[in-house]
Amino acid sequence: MGLTTVQSLNEQIEDAEEIPDNKEDSSENHNTYFQVEYKAPVPTGEVFFTETFDKGTLEGWVLSKTVKEDTDGEITKYDGKWAAEELKESKIPGDLGLVLKSTARHHAISAKLNKPFTFNIKPLIVQYEVNFQDGIDCGGAYIKLLSETTPLSLEEFHDRTPYTIMFGPDKCGEDYKLHFIFRHKNPVIGDYDEKHAKRPDVDLKKYFNDKRTHLYTLIVRPDNTYEMLIDQTVVGQGSLLEDVIPPLNPPKEIEDPKDKKPKEWDERARIPDPNAVKPDDWDDGGPEEIEDLNAVKPEGWLDNEPLFVSDVNAQKPSNWNDNMDGEWEPLVIPNPKCKTAPGCGEWKLPMVTNPNHKGEWKPPTIENPNYQGIWKPRKIQNPHYFEDLNPFKMTSFGAIGLELWSMTSDIYFDNFIICSDKEVADRWASDTWGLKKLVASANEPSLMSQLLIAAEERPWLWILYILTAALPVGLLFLFFWSRKVM
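Quick caveat, the model's predicted, so the values are computed rather than measured.

**Student:** Describe the pairing of strand 5 (residues 105-117), with residues and values.
**Tutor:** Of the strand pairs in this sheet, strand 2 (residues 61-63) and strand 5 are connected by 3 bridges, and their pairing is antiparallel. Bridge assignment links Leu 63 to a residue of strand 5, and that residue is Ile 109. Bridging between strand 5 and strand 24 (residues 397-406) involves 9 bridges; their strand directions are antiparallel. Its bridge partner being in strand 24, His 106 is matched across the sheet by Trp 405.

**Student:** Can you lay out the packing of aromatic side chains for me, pointing to particular residues and giving the numbers?
**Tutor:** Evaluated as defined, the whole model comprises 17 aromatic pairs. Connected via pairs of aromatic rings, a cluster forms that spans Phe 49, Phe 53, Trp 61, Tyr 128, Phe 167, Tyr 216 and Phe 416. Sitting above the plane of the Phe 48 ring, Lys 115 keeps its charged end 5.2 Å from the centroid.

**Student:** Tell me about the side chain of Asp 259, and name the residues and values.
**Tutor:** Checked against the element boundaries, Asp 259 lands in the loop between strand 16 (253-255) and strand 17 (270-272). Those residues within four positions of Asp 259 in sequence are excluded, and the remaining contacts are Trp 375, Lys 376, Pro 377 and Arg 378.

**Student:** Pulling in residues and values, what's your account of the pattern of salt bridges?
**Tutor:** Taken as a whole, this structure holds 28 salt bridges when the rule is applied. A salt bridge links Lys 68 to Asp 159, with the nearest nitrogen and oxygen atoms 3.1 Å apart. Linking Lys 68 in the loop between strand 2 and strand 3 (82-85) with Asp 159 in the loop between strand 8 (143-147) and strand 9 (163-172), this pair joins segments that are 91 residues apart in sequence. Members of the salt-bridge network, linked through shared partners, are Glu 85, Lys 88, Lys 101, Asp 134 and Asp 410.

**Student:** So, the side chain of Asp 266: which residues are in play, and what are the values?
**Tutor:** Tracing the chain through its elements places Asp 266 in the loop between strand 16 and strand 17. Leaving out residues up to four positions away in the same chain, Asp 266 has contacts with Asn 368, Asn 370, Tyr 371, Gln 372 and Gly 373.

**Student:** Explain a nonpolar patch on the surface to me, and be specific about the residues and the numbers.
**Tutor:** Residues Leu 307, Phe 308 and Val 332 make up a contiguous nonpolar surface patch of about 320 Å² in total accessible area. Here Phe 308 shows up in strand 19 (residues 308-310). Judged by relative accessible area, Phe 308 falls into the exposed class, the value being 52%.

**Student:** Explain a negative patch on the surface to me, and be specific about the residues and the numbers.
**Tutor:** Judged by side-chain charge, Asp 280, Asp 281, Asp 283, Asp 284 and Glu 360 come together as a negatively charged surface patch. Inspection of the secondary structure assignment puts Asp 283 in the loop between strand 17 and strand 18 (289-291).

**Student:** Explain the environment of Phe 167 residue by residue, including any values.
**Tutor:** Summarising the element assignment, Phe 167 is placed in strand 9. A sequence separation of 24 residues divides Phe 167 from Ile 143, and the C-alpha atoms of the two residues are 5.5 Å apart. Beyond its immediate chain neighbours, meaning those up to four positions away, Phe 167 contacts Val 126, Tyr 128, Tyr 142, Ile 143, Leu 178, His 179, Phe 180, Tyr 216, Thr 217, Leu 218 and Met 228.

**Student:** Can you lay out helix 5 (residues 422-431) for me, pointing to particular residues and giving the numbers?
**Tutor:** What helix 5 keeps buried is the set Val 424, Ala 425, Trp 428, Ala 429 and Asp 431. The buried residues of helix 5 all sit within an arc of 165 degrees when viewed along its axis, so they share a single face. Where helix 5 is buried, its residues contact strand 1 (47-51), strand 6 (124-132), strand 12 (214-220), strand 25 (411-419) and helix 6 (433-443). For helix 5, the side-chain oxygen to backbone nitrogen distance between the N-cap and Glu 423 is 2.9 Å, and the N-cap itself is Asp 421.

**Student:** Hey, could you go over the state of the cysteines for me, with residue numbers and the actual values?
**Tutor:** A complete count under the given rule lists 2 disulfides for this structure. Between the sulfur of Cys 138 and that of Cys 172 lies a disulfide, 2.0 Å long from S to S. Between Cys 138 and Cys 172, the S-S torsion sits near -95 degrees, and that sign places the bridge as left-handed. Of the two residues, Cys 138 sits in strand 7 (residues 138-140) while Cys 172 sits in strand 9, which places them 34 residues apart along the sequence. What pairs with Cys 338 in a disulfide is Cys 344, and their sulfur atoms sit 1.9 Å apart. Because the sign of the S-S torsion sets the handedness, a value of about -120 degrees for the bond joining Cys 338 and Cys 344 places this disulfide among the left-handed ones. For Cys 338, a relative accessible area of 17% corresponds to the buried category. For the protein chain, the bonded cysteines pair up as 1-2, 3-4 when numbered in the order they occur along the sequence.

**Student:** Requested: an account of unusual backbone geometry, with residues and values cited.
**Tutor:** For the peptide bond that leads from Ile 245 to Pro 246, omega is -5 degrees, which places it in the cis range. Mapped onto the fold, Pro 246 is located in the loop between strand 15 (244-245) and strand 16. Even without being a glycine, Ser 90 presents a positive backbone phi close to 50 degrees. Mapped onto the secondary structure, Ser 90 falls in the loop between strand 3 and strand 4 (97-100). Classification of Ser 90 as buried rests on a relative accessible area of 14%. At Lys 211, a position not held by glycine, the phi torsion is positive, near 60 degrees. Mapped onto the fold, Lys 211 is located in the loop between helix 3 (205-209) and strand 12. For Lys 211, a relative accessible area of 43% corresponds to the partly exposed category.

Quick notes on the rules
Residues numbered from 1 in each chain as written. Predicted model: local features only at pLDDT ≥ 70, side-chain atom pairs only at ≥ 80, totals over all residues. Heavy atoms only, no water. Pairing = 2+ DSSP bridges. Helix = DSSP H or I, 4+ residues; strand = E, 2+ residues; numbered from the N terminus. Phe/Tyr/Trp six-rings, centres within 6.5 Å; stacked < 30°, edge-to-face > 60°. Lys NZ or Arg CZ within 6 Å of the ring centre and 35° of its normal. Contact = heavy atoms within 4.5 Å. Salt bridge = Lys/Arg side-chain N within 4 Å of Asp/Glu carboxyl O. Patch = residues over 30% accessible without salt bridge, like charges linked within 9 Å, V, L, I, M, F, W, Y side chains within 5 Å. Areas by Shrake-Rupley, 256 points an atom, 1.4 Å probe, with all protein chains shown as cover. Buried < 20%, exposed > 50% of the residue type's maximum accessible area, 1.4 Å probe, protein only. Lys, Arg positive; Asp, Glu negative; His and termini not counted. Charge placed at Lys NZ, Arg CZ, Asp CG, Glu CD. Arc of directions from axis to C-beta. Polar contact = N/O pair within 3.5 Å; in protein donor to acceptor, adjacent residues only side chain to side chain. Disulfide = S-S within 2.5 Å.

Right, dumping it as structure tokens:
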């Protein structure tokens, strides 16, 4: 960690000197209440990739120079800007991250791993930080682990570059997601399918809107289980065999596409009784609705007023040509006299349901003696069936990439690590995200400070504060006064 222990950091926080108490500092610089010593973290064990961006450069990262397919105009280019910068709020001097700087642009940047990751007997752990510093309207902050299927040119990294795993947050509109997608190779035909992990059961909205730095972790184990964590809390977990969409393994049998329903197949569960006879005295009872002979015209009904009248304020357009456009007539508007009256125009008796209406006679239904059930095509062996019992054996990957579109800028990424040891990832998190979390918490204004700031912006709140404070005093006074009187 940048400090030797979390305890030493807490001591610094406790001993920190607060900034002067003035409006300008409290509203704009509350992220610099205290200073802490920061040093770039160093992994404590074997890793396949780490990146802190603390050098202030994008050394080792490659910007894509290709274009996005199936798009037109300038947006085909991957020309979105990236930078290594500090956080806007709760910054720690010397702690830099990768920041997506452009809006409405395609961004693509990638870096090679120290060595390719091969799925064998050790788990995969991927972890990194994200901060939506300005919130997020529509855009993603996910990463792609680029497959080692062909010679990989990072300058040609684009949306269709083969990847093994895609992981991370994504949002558009009110749809908040945490992706875990892996590409699975069909062992029969050799094609790849995307398998999506089931959505987390928790509400993800706060992680996109609170402008805090959050830690995203994916763990995929050789026993074909996975976990997704945010801030070291599990938000989603399951099995690669059972909890992905579409299902990993296809069904053993499928419906025969050549099988056709016989013409004589009877799917009617009930049929009209062929022996039923319409009664001789059946009376349809007349129409469904009849005039209500008991109705009375409402008082004040305007018989001689039309529902619509010409707009007296309408004016003939200056460019109107009677020869070409015909005789001009003013627009028709609802009659204003009808707004306050119960009705206008000729009054007619309202219609009501005819109590004698029975309708057209129909024979009752009976169970169909020839009913054969709902027809289904017969089952045949699935020619593309396979059973992969170890989907963890994915395609090895040799690079990490971010290929993103966003309508909001200043999305902050930091402290990537790819390893196989959970303890290594946890120590890395303690030295990086843990430091940010403690500093951000220490910089949170106290309740009293928040109330004072709010009152400075909205002076009327002072009245509410005074009334709230006076209420318990008044209640105590009434209590003791009533006892004294008694």
